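Secondary and tertiary structure notes
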Amino acid sequence: MNLEKMYEMQKELDARIIKEKGLEGVDLLPNTVLALQVEIAELANEWRGFKHWSNDQEPRFNVLEIGGTDCSEEKLVNRVLEEYVDCLHFFLSIARQLDLPEEDLYVWEETAEDDTVILFSELLHNVGLILADRLFVNPITDVPSFRRDHFKAALFIFYALGEQRLGFTFEQIAEAYVAKNAINHKRQSTGY
Ligand SMILES: [Mg+2]
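Residues numbered from 1 in each chain as written. Predicted model: local features only at pLDDT ≥ 70, side-chain atom pairs only at ≥ 80, totals over all residues. Heavy atoms only, no water.

Taking an unreviewed UniProt entry as the reference, the protein is identified by name as dUTP diphosphatase belonging to Paenibacillus ehimensis.

Structure follows, in C-alpha cells:
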C-alpha cells in the first residue's frame, strides 16, 4: 500500500458517491473543506490532550469483544487512528478536487513546532485557508495554486501530527484507511 493507491481508492469512492447521489458538476469543495475541519475537531476530541479541565486527558480507545464467550478476545480499537483516517479520506478528496498530481502528496519540510496543541490549531487554520480566496475583496490572480499551496501546507502539518505527535506508522495509517474505505463503500450500498 502506498499513498498513490490510497489516492486511487479515494477517487473511486468519490466517483461512486457523485454518480449515485447525482452530484455531477456540483462544486463539492466547500462541503469537503468543512467536513475535513469537522474530522480534525473529532480527532482532537479523541486525542483529549488539550482538555486541561479534565482528569482524563488520555487518548480514547474502544474495547471490542471478538469471538464467542469461550474464545473471546479483546481488541483495542484506537479511536484516534480512526478519526485520523477519516481526515485522510477528506484530504485525498480535496486533493482530487484541486487536481493535485499524486507526487505532490509527498510533502515534507522541517518543522520546529513540536507542541501538539499548536499543530492542531495550525492544521485547522491552513485547511480554512484553502478556500480563503473567496473571502478576499481583491481577487487572487492564481486561485488554483493559492488553494494547492494552502492544501499542501495543511497536508504537511497533518503528516507531522500523525507520525511525530500521535505516533502512527505509515503501515497503521494505510491499514486503517483501507478498512474505513471498505466501510464507506458499504455505507453507500446500504443507503447510509
Ligand atoms: Mg470521524
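**Brief notes about the coordination of the magnesium ion**
For the magnesium ion, the protein coordination sphere consists of Glu39 (OE), Glu42 (OE), Glu83 (OE) and Asp86 (OD), at 2.2 to 2.3 Å. The sequence motif formed by the donor residues of the magnesium ion is E-x2-E-x40-E-x2-D. Linking glutamate 42 in helix H2 (residues 29–47) with aspartate 86 in helix H3 (residues 79–97), this pair joins segments that are 44 residues apart in sequence. (Donors = N, O, S within 2.8 Å, 3.2 Å for Na, K, Ca; no water. Helix = DSSP H or I, 4+ residues; strand = E, 2+ residues; numbered from the N terminus.)

**Notes on the environment of cysteine 87**
With respect to the helices, strands and loops of the structure, cysteine 87 is situated in helix H3. Sequence separation between cysteine 87 and alanine 41 is 46 residues, and the spatial gap between their C-alpha atoms is 9.7 Å. Contact partners of cysteine 87, with chain neighbours within four places excluded, come to Leu36, Glu39, Ile40, Leu43 and Phe158. (Contact = heavy atoms within 4.5 Å.)

**A look at the pattern of salt bridges**
By the definition in use, this model includes nine salt bridges. For lysine 11, the salt bridge identified is with glutamate 8, shortest N-O distance 3.9 Å. Taken as a pair, lysine 11 and glutamate 8 lie in helix H1 (residues 3–20) at a separation of three residues, close to a single helical turn. In this structure, arginine 147 and aspartate 133 form a salt bridge, with 2.9 Å as the shortest nitrogen-oxygen distance. Of the two residues, arginine 147 is situated in helix H5 (residues 143–165) and aspartate 133 in the loop between helix H4 (116–129) and H5; the sequence distance between them amounts to 14 residues. The class for aspartate 133 is buried, based on a relative accessible area of 12%. (Salt bridge = Lys/Arg side-chain N within 4 Å of Asp/Glu carboxyl O. Buried < 20%, exposed > 50% of the residue type's maximum accessible area, 1.4 Å probe, protein only.)

**Side note on the packing of aromatic side chains**
Going through the model one piece at a time under the given rule, you end up with seven aromatic pairs. Look at phenylalanine 91 and phenylalanine 151: their rings are 5.7 Å apart centre to centre, the planes differ by 65°, and that puts the pair in the edge-to-face class. A residue pair is termed long-range when its members are at least 10 positions apart, and phenylalanine 91 in helix H3 and phenylalanine 151 in helix H5 qualify at 60 residues. Take phenylalanine 91: its relative accessible area is 0%, and that puts it in the buried class. An aromatic cluster of at least three residues, connected via ring pairs, comprises Tyr84, Phe91, Phe151, Phe158 and Phe168. Note that lysine 11 overlies the ring of tyrosine 7, its terminal NZ or CZ placed 4.1 Å from the centroid. (Phe/Tyr/Trp six-rings, centres within 6.5 Å; stacked < 30°, edge-to-face > 60°. Lys NZ or Arg CZ within 6 Å of the ring centre and 35° of its normal.)

**Comments concerning the packing of H1 against helix H6 (residues 170–189)**
Where H1 contacts H6, the two axes come as close as 11 Å, and the packing angle between them is 15°. Taken together, the axes of H1 and H6 lie roughly parallel to each other. Seen along the crossing, H1 lies across H6 with a hand that is left-handed. Every residue of H6 that contacts H1 at Leu3, Met6, Met9, Gln10, Leu13, Arg16, Ile17 and Glu20 is listed here: Phe170, Ala174, Tyr177, Val178, Asn181, Asn184, His185, Gln188 and Ser189. Partitioned by chemical class, the residues of the contact of H1 with H6 number nine nonpolar, six polar and two charged. (Axes fitted to C-alpha atoms, helices over the stretch in contact; angles between N-to-C directions. Parallel < 35°, antiparallel > 145°, perpendicular 65-115°, else oblique. Left-handed = near helix turned anticlockwise from the far one by under 90°. Nonpolar A, V, L, I, M, F, W, Y, C, P; charged D, E, K, R; others polar.)

**So, the side chain of histidine 89**
Mapped onto the elements of the fold, histidine 89 is located in helix H3. For histidine 89, a relative accessible area of 5% corresponds to the buried category. A polar side-chain atom of histidine 89 sits 3.2 Å from a polar atom in the side chain of asparagine 184. When sequence neighbours within four positions are dropped, the list of residues in contact with histidine 89 reads Gln10, Leu13, Tyr177, Lys180, Asn181 and Asn184. (Polar contact = N/O pair within 3.5 Å; in protein donor to acceptor, adjacent residues only side chain to side chain.)

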